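The residues making up each chain are set out below.
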Protein chains: 2
Amino acid sequence: MPKVGMEPIRRQQLIKATMAAIDEVGLADATVMRIARHAGVSAGIISHYFGGKDGLLEATMRQILSDLGTAVAARRRALADDSPRAHLGAIIDGNFDRSQVTGPVAKTWLAFWASSMHRPTLQRLQSVNDHRLYSNLCSQFRRLMPRQEARRAARGLAAMIDGLWLRGALTPEGLDADHARRLAHDYLDQLLAAHPSSPAS
Amino acid sequence: MPKVGMEPIRRQQLIKATMAAIDEVGLADATVMRIARHAGVSAGIISHYFGGKDGLLEATMRQILSDLGTAVAARRRALADDSPRAHLGAIIDGNFDRSQVTGPVAKTWLAFWASSMHRPTLQRLQSVNDHRLYSNLCSQFRRLMPRQEARRAARGLAAMIDGLWLRGALTPEGLDADHARRLAHDYLDQLLAAHPSSPAS
DNA sequence: TTTTATTGATTGAACGTTCAATAAAAAAAT
DNA sequence: ATTTTTTTATTGAACGTTCAATCAATAAAA
């Protein structure tokens, strides 16, 4: 079947296969051969398109982060009003969309999260993403409260989002996105309730 | 140096060395030889005392969970009053003690968390521990609100605790336990504020 | 002298990477 | 249109490395 212009197709195939393999047996046992089998290709092709296993893993993490960023940005762009609460709500919803919070993506994300502690490349990606979330939250809270408090609120909401999502990834039944979203929104309401310019929702 | 009664000493040594190795290079690169070197012994001894690498990893996770349980239980026993708020506060504080939230323990915990998704033995340990936390939280909230709401509150607080801790494990500077504790307590206050029999703190 | 604790070289399995060989499509030539 | 040539995509066996586990040998206490 070799045709011209296979590169983007194969890259996408292999990234998806990587998530499937990690979902199936975990990052530690996601060998190149298992990933290749998921994609229906041979093991050698991975080095050809990604320079090696590490390149594929990095590309996979990039894909997940990029999907997440897209989901958040789309919801913020579609916002009716420009209030801080609306933006913060959109950020929450975007984080619980996460281009399907479905099993494979969630487990892959957590696996990368853990291994980003010791792989500089992944750590950089994770750190950039993390800073973006924090800074987005912070600048919205900043419109309603002094800097110090805004920082606290941002840290709290970020922790809540990550915590809900982490627990979702670990429970065998998977994340109940609606339930998680509701808890996060409730927390957001409580954070805003103590401050003046927040209309009762 | 071989003496009689080395077993408990070596076991403790090796468990500590396991955390040190995971802190240093991550679970994936924590080989038996590296762990043994950290403990100042040979690689073969691991199989002798733990039956193999898996046995050592399981024992290490058990140790962490047991330390956590001890920290929480101690604070609850030392409580002055028996109010739900006091118990919940003690649970929070115990979780942010975690027998030192210091680097090695925190990173080891997160590493196990991630790999518990695919190792049945670790998953069982993690699940038992998780259920204990949730059920403790739930029964205290239950004293102040109807079951449905108590469940929600317990889920929310558990997520907040895990989220704060997770973020702490990932930031290079490590977890700021005081700050995390304060955020969790604030959230707890907000959860309780909406309900009758909670005196203003 | 017996028992207990420990070592470290060895073994076999598993892994990622490489690369010569191959197969299929595209392009060029007839 | 058909054949030939070139290009692109892919394979899978071979290689070197790394790891966990084993076990005969050893060393120190009892």
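Attention in this report is confined to the structure presented alongside it. (Residues numbered from 1 in each chain as written. Chains lettered and ligands numbered in written order. Predicted model: local features only at pLDDT ≥ 70, side-chain atom pairs only at ≥ 80, totals over all residues. Heavy atoms only, no water.)

Attention now goes to the overall build of chain A. In terms of regular secondary structure, chain A is built from nine helices and zero strands. Secondary structure elements in chain A, listed N-terminal to C-terminal, are α-α-α-α-α-α-α-α-α. Principal axes of the C-alpha set define a box for chain A whose edges measure 65 × 35 × 30 Å. Within chain A, the fraction of its 201 residues that count as buried is 50%. (Helix = DSSP H or I, 4+ residues; strand = E, 2+ residues; numbered from the N terminus. Buried < 20%, exposed > 50% of the residue type's maximum accessible area, 1.4 Å probe, protein only.)

Moving on: the interface of chain B and chain A. One frequent convention defines the size of an interface as the accessible area lost when the parts assemble. Contacts between chain B and chain A engage 38 residues on the former and 38 residues on the latter. Note on chain B versus chain A: buried area summed over both sides is about 3100 Å², and carbon and sulfur give 62% of it. It is Met117(B), Arg152(B) and Arg167(B) in chain B that bury the most area against chain A; as a group they hold 23% of the surface buried on that side. In this assembly, chain B and chain A are joined by six salt bridges. When the shortest N-O distance is used, the salt bridge between Arg167(B) and Asp162(A) registers 2.6 Å. The tally of links from chain B across to chain A stands at twelve residue pairs in polar contact (both at pLDDT 80 or more). Those elements that place two or more of their residues in the side of chain B that touches chain A are helix H1 (7-25), helix H6 (103-115), helix H7 (120-141), helix H8 (147-170) and helix H9 (177-193) of chain B. The element contributing the most residues to the side of chain B that touches chain A is H8(B), with 13 residues. Residues of the side of chain B that touches chain A, tallied by class, amount to 19 nonpolar, nine polar and ten charged. (Contact = heavy atoms within 4.5 Å. Buried area = accessible area lost by both parts, 1.4 Å probe. Salt bridge = Lys/Arg side-chain N within 4 Å of Asp/Glu carboxyl O. Polar contact = N/O pair within 3.5 Å; in protein donor to acceptor, adjacent residues only side chain to side chain. Nonpolar A, V, L, I, M, F, W, Y, C, P; charged D, E, K, R; others polar.)

Before going further, it helps to examine H7(B). With 22 residues, H7(B) should reach 32 Å at 1.5 Å per residue; the first-to-last C-alpha distance of 31 Å fits that figure. Turning to H7(B), its buried residues are Leu122(B), Leu125(B), Gln126(B), Asn129(B), Leu133(B), Tyr134(B), Leu137(B), Cys138(B), Gln140(B) and Phe141(B). Tucked into the core, H7(B) has its buried residues touching helix H8 (147-170) of chain A together with helix H4 (53-77), helix H5 (84-95), H6, H8 and H9 of chain B. (Expected span 1.5 Å × (residues − 1).)

Taken as a whole and judged by the stated rule, the model has seven aromatic pairs over all chains. Between Tyr187(A) and Tyr187(B) the ring centres are 4.8 Å apart and the planes differ by 80°, which places this aromatic pair in the edge-to-face class. Of the two residues, Tyr187(A) is situated in helix H9 (residues 177-193) and Tyr187(B) in helix H9; the pairing between them involves two chains. There is no split in this pair, since Tyr187(A) and Tyr187(B) are both buried. (Phe/Tyr/Trp six-rings, centres within 6.5 Å; stacked < 30°, edge-to-face > 60°.)

In this structure, Ser116(A) sits in the loop between helix H6 (103-115) and helix H7 (120-141). The residues touching Ser116(A), leaving out its near neighbours within four places in the chain, are Leu122(A), Gln123(A), Gln126(A) and Leu170(B).

Turning our attention to the pattern of salt bridges. Here the structure, examined in full by the defined rule, presents 22 salt bridges over all chains. For the salt bridge of Arg167(A) with Asp130(B), the shortest nitrogen-to-oxygen distance reads 2.7 Å. Of this pair, Arg167(A) sits in helix H8 while Asp130(B) sits in helix H7, placing the two residues on different chains. Residues joined by salt bridges that share partners form a network here, namely Asp93(A), Asp178(A) and Arg181(A).

All names here are of chain B. Two elements in contact, H6 and H8, have axes separated by 9 Å at closest approach and are oriented at 115°. Looking at the two axes, H6 sits roughly perpendicular to H8. Pair H6 / H8 crosses with left-handed handedness. Where H6 approaches H8, its residues Ala106, Lys107, Trp109, Leu110 and Trp113 are matched on the opposing element by Asp162, Trp165, Leu166, Ala169 and Leu170. A per-class count over the contact of H6 with H8 returns eight nonpolar, no polar and two charged. (Axes fitted to C-alpha atoms, helices over the stretch in contact; angles between N-to-C directions. Parallel < 35°, antiparallel > 145°, perpendicular 65-115°, else oblique. Left-handed = near helix turned anticlockwise from the far one by under 90°.)

In short, shape yes, function no, at least from these values alone.
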